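Coordinate analysis (summary)
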Amino acid sequence: MHKAEPSQGLLTMQFLQQNLSNILLHEAEGDSCMRLYHVGRMWIALEKSAFRLKDLEPTAIVTPALFPGCKVPVVVASIDHQTWLLSLSRRLPAVTSSSAHAVVIPQPQILSDGYRRWHQSTLAPFLRP
């Protein structure tokens, strides 16, 4: 009997539950790079990296998500692996660091006002009373 593979949503949630605190630490420190994580058939980015990904690839799906232990929602952006291979990876500078499931790509500094406005507008529907 063939065992069914876990859904993309389940894979993403498991990955984020295991790695969220480290990813958020990197996001808080890193204003000069974008971090993408390869999970199943998708590449995902959080917070500032999600902002960069959406800016570079308008088809990226952006989703606010609330995780156990987090007091505020986290912004997650994702693209499918085909988009990464056929489009985005060809338009980006060389990867500075990579592992089996992550890449770090140098990027220009983020203008904090632009990021802050995007972040607030992305989370606004999620935070309404």
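In this report, the structure presented in the accompanying data block is examined. Remember, it's a predicted structure, so these values are computed and weren't measured experimentally.

Further remarks concern the packing of aromatic side chains. Overall, the coordinates contain 5 aromatic pairs when judged by the stated rule. Ring centres of phenylalanine 51 and tyrosine 115 lie 5.6 Å apart, and the angle between their planes is 75 degrees; this geometry places the pair in the edge-to-face category. Taken together, the positions of phenylalanine 51 in helix 2 (residues 47-56) and tyrosine 115 in helix 4 (residues 112-127) put the pair 64 residues apart, joining distant regions of the chain.

Here we come to the packing of helix 1 (residues 8-29) against helix 2. Between helix 1 and helix 2, the shortest axis-to-axis distance is 7 Å and the interhelical angle comes to 70 degrees. Looking at the two axes, helix 1 sits roughly perpendicular to helix 2. From helix 1, Leu24, Glu27 and Ala28 reach across to helix 2, where they touch Glu47, Lys48 and Ser49. When grouped by side-chain class, the residues that make up the contact of helix 1 with helix 2 number 2 nonpolar, 1 polar and 3 charged.

Put simply, helix 2 and helix 4 touch, their axes get as near as 11 Å, and they point 95 degrees apart. Judged by the angle between their axes, helix 2 and helix 4 are roughly perpendicular. When helix 2 is examined against helix 4, the residues Glu47, Lys48, Ala50, Phe51 and Lys54 are found in contact with a partner set consisting of Gly114, Tyr115, Trp118 and His119. Looking at the contact of helix 2 with helix 4 residue by residue, the class counts come to 4 nonpolar, 2 polar and 3 charged.

Calculation criteria
- Residues numbered from 1 in each chain as written.
- Predicted model: local features only at pLDDT ≥ 70, side-chain atom pairs only at ≥ 80, totals over all residues.
- Heavy atoms only, no water.
- Phe/Tyr/Trp six-rings, centres within 6.5 Å; stacked < 30°, edge-to-face > 60°.
- Helix = DSSP H or I, 4+ residues; strand = E, 2+ residues; numbered from the N terminus.
- Axes fitted to C-alpha atoms, helices over the stretch in contact; angles between N-to-C directions.
- Parallel < 35°, antiparallel > 145°, perpendicular 65-115°, else oblique.
- Contact = heavy atoms within 4.5 Å.
- Nonpolar A, V, L, I, M, F, W, Y, C, P; charged D, E, K, R; others polar.

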